[in-house]
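# Report on the structure
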Amino acid sequence: MDNGIPNSKKILKVLGKRIKGLRQEKGWSQEAMAELAAMDDCHLGEIERGEVDLSLGTLARIAKTFEMTVSELFEGVA
């Protein structure tokens, strides 16, 4: 049943694409961004592919790495 609310898998995919796009705009490799965000580059790859749920802490670290708020990170996502 479609209630107009995107499912979590779709949100994770769209958010992952947004994060990847922002990273690429900065000209950062996954390894460079992962180091800046204090996370494993393999985990960042999983995030960019929409394969894992993100904790609030991880979202906050990613947003801080991009020098934006978590709400700005979600612009156009959901």
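What this report covers is the structure whose coordinates are included nearby. Only a predicted model underlies this, so the values are computations on that prediction, with no experimental measurement involved. (Residues numbered from 1 in each chain as written. Predicted model: local features only at pLDDT ≥ 70, side-chain atom pairs only at ≥ 80, totals over all residues. Heavy atoms only, no water.)

### Description of helix α1 (residues 8-26)
What counts, and what does not: Strands are runs of DSSP state E lasting at least two residues, helices are runs of H or I lasting at least four, and both sets are numbered from the N terminus onward. Here, expected helix span is obtained from the residue count minus one, scaled by 1.5 Å. Each residue gets one of three labels from its accessible area relative to the maximum for its type: buried under 20%, exposed over 50%, partly exposed in between, using a 1.4 Å probe on protein chains only. Taking the helix axis as origin, the arc is that swept by the directions to the C-beta atoms. Contacts between residues were defined by any pair of non-hydrogen atoms, one from each residue, lying within 4.5 Å.
If you check α1, its first and last C-alpha atoms are 27 Å apart, about what 19 residues at 1.5 Å a residue would give, namely 27 Å. Among all positions in α1, only L12, L15, G16, I19, L22 and R23 are buried. All buried residues of α1 fall inside an arc of 130° around its axis, so they share one side. Among the exposed residues of α1, those oriented more than 90 degrees off its buried face are K10, K17 and E25. Considering only its buried residues, α1 is in contact with α2 (30-36), α3 (41-48), α4 (56-65) and α5 (70-73).

### Describing the environment of E48
Mapped onto the elements of the fold, E48 is located in helix α3. Classification of E48 as buried rests on a relative accessible area of 7%. As for E48 and I19, which are separated by 29 residues in sequence, their C-alpha atoms are 6.3 Å apart. If we ignore the near neighbours within four places in the chain, the residues touching E48 are G16, K17, I19, K20, R23 and Q30.

### A look at the nonpolar core
For the record, the criterion: Among buried residues, those of type Ala, Val, Leu, Ile, Met, Phe, Trp, Tyr and Cys that are joined through side-chain atoms within 4.5 Å constitute a nonpolar core.
Judged by nonpolar contacts, the single largest core of 19 residues is most densely connected at I19, I62, F66 and L73. At the level of secondary structure, the elements contributing two or more residues to this core comprise α1, α2, α3 and α4. The leading source of residues in this core is α1, at 4 residues. For F66, the contacting residues outside a window of four places in its chain are I19, L22, R23, K26, W28, M33 and L73.

### Quick word on the environment of T58
Within the secondary structure, T58 sits in helix α4. Considered as a pair, T58 and K17 are 41 residues apart in the sequence and their alpha carbons are 16 Å apart. Those residues in contact with T58, other than ones at most four positions away along the chain, are M39, H43 and I47.

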